[in-house]
Structures are given as structure tokens and as C-alpha cells.
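# Secondary and tertiary structure notes
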Amino acid sequence: GPDALPESLRRVEQITGRAVPFQELDITDGAALRELFGKHQFSAVLHFAGLKAVGESVQKPLEYYRVNLTGTIRLLETMKAHGVKNIVFSSSATVYGDPKYLPLDENHPVGGCTNPYGKSKFFIEEMIRDLCKAERDWNAVLLRYFNPIGAHESGMIGEDPQGIPNNLMPYVAQVAVGRREFLSVFGNDYQTEDGTGVRDYIHVVDLAKGHIAALKKLKENCGCKIYNLGTGTGYSVLQMVQAMEKASGREIKYRITGRREGDVASCYADPALAERELGWKAAFGLDKMCEDLWRWQLQNPTGF
């Protein structure tokens, strides 16, 4: 029926032994949101809904602005109407644009974004900041994710991109498992150690725990707070390929191709503030990220 759980949430129920109430709706649909908030009582909202492919956003800017911006406006309006004044928002390191210095701390200038996806995240941050300024009883935690990878260690839930993956590691895993022939590496002429792009990869379970810490922060009536969620370590594309070869014991073929529009050379976090104020720190390293990703890929070669 309409309330049948997606396979991913069915598995979450299996892992946790808890029922997961679920309702699917379009975040840009104000009427559906109002109905949802009318039916349930919420103390806080974790806002993850949005389009998230950098390359696609360059091609389809209006769609990215429509979904990400209007979706968020509708959500905030609905929250306001129902007296729900606590939100954790999935932001992104892309709000920093081309880094002026590394590692990136939360005081690094934002808004010089290199693609519409990043701009949409920056605009939403600004909307929430303005809202918190206007309404002093609102609390918000804006979490700037670096690059989440890996999967739950059970191998039961993980990233299941529809069609061709936009992110490096799901693509690499699909090459390792034989679902794709080779990886295209977008540019090897960046000013990095091996010429390929450097990113801060964070285990998705560490990321999830960061959200639990953020929810606790909201309970302190924290106002508007902003935190990086990353490990503080940058790895290049070729280092990631190597790490995945090690975890899988398989060769991963790749070809160098042109740079991708909207990409920056290097991007990694200074995660000290989250440790100081949220008591949160990434616990899992690269080997664990790759092992868990590989287990998920092996057990679910075609996703859910």
C-alpha cells in the first residue's frame, strides 16, 4: 500500500529492532507538509531532502534552486505555523567555494560557491540564520558535511545511487564489483600531490552520530550554530582508488579525463569546533570506510 516501507527502511527496522513511522511526500508540496505536521507532534526536524549532484546542478540550475530553496522555504513555513522551532540542516563544504586556506574552519568565508548546488546550500544557510535572528526562540544547527562514504557495518544498508553514480566511491565500488568497466578520473592536473582532487572523506556512521550530537545541542537553546563534519584528513582520488583496491582485493581500472565543471582542487576540514562544542569527533578511518563500503557492495551488487 501507500505506506509500505521502502526496503532501506525495512532494513533499518531490522537493524534497530524499532518501528520506523514513515510518510513519503514531496518537500515542495506545502499542503502535504501541513497535513504531516497536523497529524504528528515534532520536537525537531532533521532536513536532508534535496538534490545533491554538483555536475548536474551546473547543467540544471533552476531545478536545483526550485527543489532546494522552495522546498526549504515550505518546510520552514510549515514548522513556523506548527510551532516547531528546532532544525538540523544538511549543509555542505561546497559553501566555502574555492578554499582561500586549508584546513577549512567555520570562519572561512562562504558564498563564493563554484556551482549552483553549493549556492543553494549557502542560500539555505542564510535563510535559516536570518530566521533565527528574527525569531529568538528558534534553534538551528547547520552541519557542513565533507564527503560521506562507507556503509553500516552490517552490510545491510548503504548508498544506492540510481543510474550512474555522481560520487566517487559508489562508482569505484561498482567498478570493483564488476558492474562498471572503469572509473573516469576528472582531471589529474590539479595542484595536489598526484594531480587528482583531494577531499575529506567521512564514514557515514560518524556523520549520523554527528546528527545525534546536533539534536542534543538544540536542547540547550543554542540559537544558530554551524559545524563542519569531517575527519580533517584529505585523500586524493588515486589514494581512494588504492584504498578500495586494498579493501576489495580487486584491481580498479581508471582513465584520466578532463576536469569536471564546478570542482575545486582540494577541500578538507578543520573539525575542531564540533569536537569542542558538540563533543563529537569522527572515529573511523579510511580502511574502515572502504571495508564497510565493500561489504555493502558485495552483499548488494545491484542495491536495494
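Rules behind the numbers
Residues numbered from 1 in each chain as written. Predicted model: local features only at pLDDT ≥ 70, side-chain atom pairs only at ≥ 80, totals over all residues. Heavy atoms only, no water. Salt bridge = Lys/Arg side-chain N within 4 Å of Asp/Glu carboxyl O. Helix = DSSP H or I, 4+ residues; strand = E, 2+ residues; numbered from the N terminus. Buried < 20%, exposed > 50% of the residue type's maximum accessible area, 1.4 Å probe, protein only. Phe/Tyr/Trp six-rings, centres within 6.5 Å; stacked < 30°, edge-to-face > 60°. Pairing = 2+ DSSP bridges. Axes fitted to C-alpha atoms, helices over the stretch in contact; angles between N-to-C directions. UniProt positions renumbered as here; feature names shortened; annotations may be inferred. Right-handed = clockwise from strand over helix to strand, strands pointing away. 1 Å grid on protein atoms, 1.4 Å probe; cavity = no way out; pocket = protein on both sides within 12 Å on 5 of 7 lines; lining within 4 Å. Points joined across faces, edges and corners; volume = space filled by probe spheres on them. Polar contact = N/O pair within 3.5 Å; in protein donor to acceptor, adjacent residues only side chain to side chain. Contact = heavy atoms within 4.5 Å. Parallel < 35°, antiparallel > 145°, perpendicular 65-115°, else oblique. Left-handed = near helix turned anticlockwise from the far one by under 90°. Nonpolar A, V, L, I, M, F, W, Y, C, P; charged D, E, K, R; others polar.

## Some remarks on the pattern of salt bridges
Going through the model one piece at a time under the given rule, you end up with 16 salt bridges. A salt bridge links glutamate 77 to arginine 74, with the shortest nitrogen-to-oxygen separation between them at 3.6 Å. Of this pair, glutamate 77 and arginine 74 both sit in helix H4 (residues 61–81), three residues apart, which is roughly one turn of that helix. Overall, the relative accessible area of 45% leaves glutamate 77 in the partly exposed class. Of the residues examined, arginine 74 reaches a relative accessible area of 29% and is grouped as partly exposed. Salt-bridge contacts for arginine 144 lead to glutamate 125; the nearest nitrogen and oxygen are separated by 2.7 Å.

## Let's talk about the packing of aromatic side chains
We describe a pair of aromatic rings using the distance from one ring centre to the other and the angle between the two ring planes. Overall, the coordinates contain four aromatic pairs when judged by the stated rule. Taking 4.9 Å as the distance between ring centres and 55° as the angle between the ring planes, the aromatic pair formed by tryptophan 296 and phenylalanine 304 counts as tilted. You can call tryptophan 296 buried: its relative accessible area is 1%. We classify phenylalanine 304 as partly exposed; its relative accessible area is 35%.

## Topic: the sheet that holds strand S7 (residues 224–229)
Strands sit in the order S1-S2-S3-S7 across an open sheet of four strands; the sheet is parallel. Looking at strand neighbours, the two that pair on one side only are strand S1 (45–47) and S7, the edges of this open sheet. Here the average twist between neighbouring strands, direction ignored, is 20°. Sheet topology note: the strand S3 (residues 139–145)/S7 ladder contains six bridges and is parallel. Bridge pairing in S7 links tyrosine 145 to leucine 229.

## Things to note about the UniProt feature "domain: NAD(P)-binding" (unreviewed entry) in the protein
As recorded in UniProt, the sites labelled "domain: NAD(P)-binding" (unreviewed entry) are residues 16–292. Along residues 16–292 one finds 39% helix and 16% strand; the C-alpha atoms at either end are 18 Å apart.

## Description of the pairing of S3
For S3, the buried fraction is high: seven of the seven residues fall into the buried class. Here S3 shows a buried face lined by Asn139, Val141, Leu143 and Tyr145 and a second buried face lined by Ala140, Leu142 and Arg144. Direction of pairing for strand S2 (residues 86–92) relative to S3: parallel, over a ladder of seven bridges. Paired with isoleucine 87 across the bridge in S3 is alanine 140. Once you follow S2 into helix H5 (residues 116–134) and on to S3, the crossover reads as right-handed.

## Quick notes on empty space enclosed by the protein
Summary: where empty space remains is shown by rolling a probe the size of a single water molecule over the atoms. Tallied over the entire structure, the rule returns one cavity of 30 Å³ or more. Taken as a whole, the largest cavity holds about 60 Å³ of empty space. Lining the largest cavity, in full, are Glu159, Asp160, Pro161, Pro170, Gln174, Arg179, Trp296, Gln297, Asn300 and Gly303. Mapped onto the lining of the largest cavity, the elements with two or more residues apiece are helix H6 (168–176) and helix H10 (286–299).

## Focus on the side chain of asparagine 300
Mapped onto the elements of the fold, asparagine 300 is located in the segment after H10. One polar contact links asparagine 300 to arginine 11, side chain to side chain, over a distance of 2.8 Å. Polar contacts involving the side chain of asparagine 300 include one to the main-chain carbonyl oxygen of glycine 155, which spans 2.9 Å. Apart from the residues lying within four places of it in its own chain, the contact partners of asparagine 300 are Arg11 and Gly155.

## Looking at H6
With nine of its nine residues buried, H6 lies for the most part within the structure. The complete set of buried residues in H6 reads Leu168, Met169, Pro170, Tyr171, Val172, Ala173, Gln174, Val175 and Ala176. Where H6 is buried, its residues meet strand S4 (147–149), strand S5 (183–186), strand S6 (198–203), helix H8 (237–248) and H10. Following H6 by one or two positions, glycine 178 has its phi on the positive side, about 95°.

## Here we look at the packing of H4 against H5
Their axes nearest at 9 Å, the elements H4 and H5 cross at an angle of 20°. Comparing their axes, H5 and H4 come out roughly parallel. Viewed along their axes, H4 and H5 form a crossing whose handedness is right-handed. Only Pro116, Tyr117, Lys119, Ser120, Phe123, Ile124, Met127, Ile128 and Leu131 of H5 make contact with H4, whose side of the interface consists of Pro61, Tyr64, Tyr65, Asn68, Leu69, Thr72, Ile73 and Leu76. By residue class, the composition of the contact of H4 with H5 is 13 nonpolar, three polar and one charged.

## Digging into unusual backbone geometry
Note the cis peptide between leucine 102 and proline 103, where omega equals -5°. Mapped onto the secondary structure, proline 103 falls in the loop between S2 and H5. Even without being a glycine, asparagine 221 presents a positive backbone phi close to 55°.

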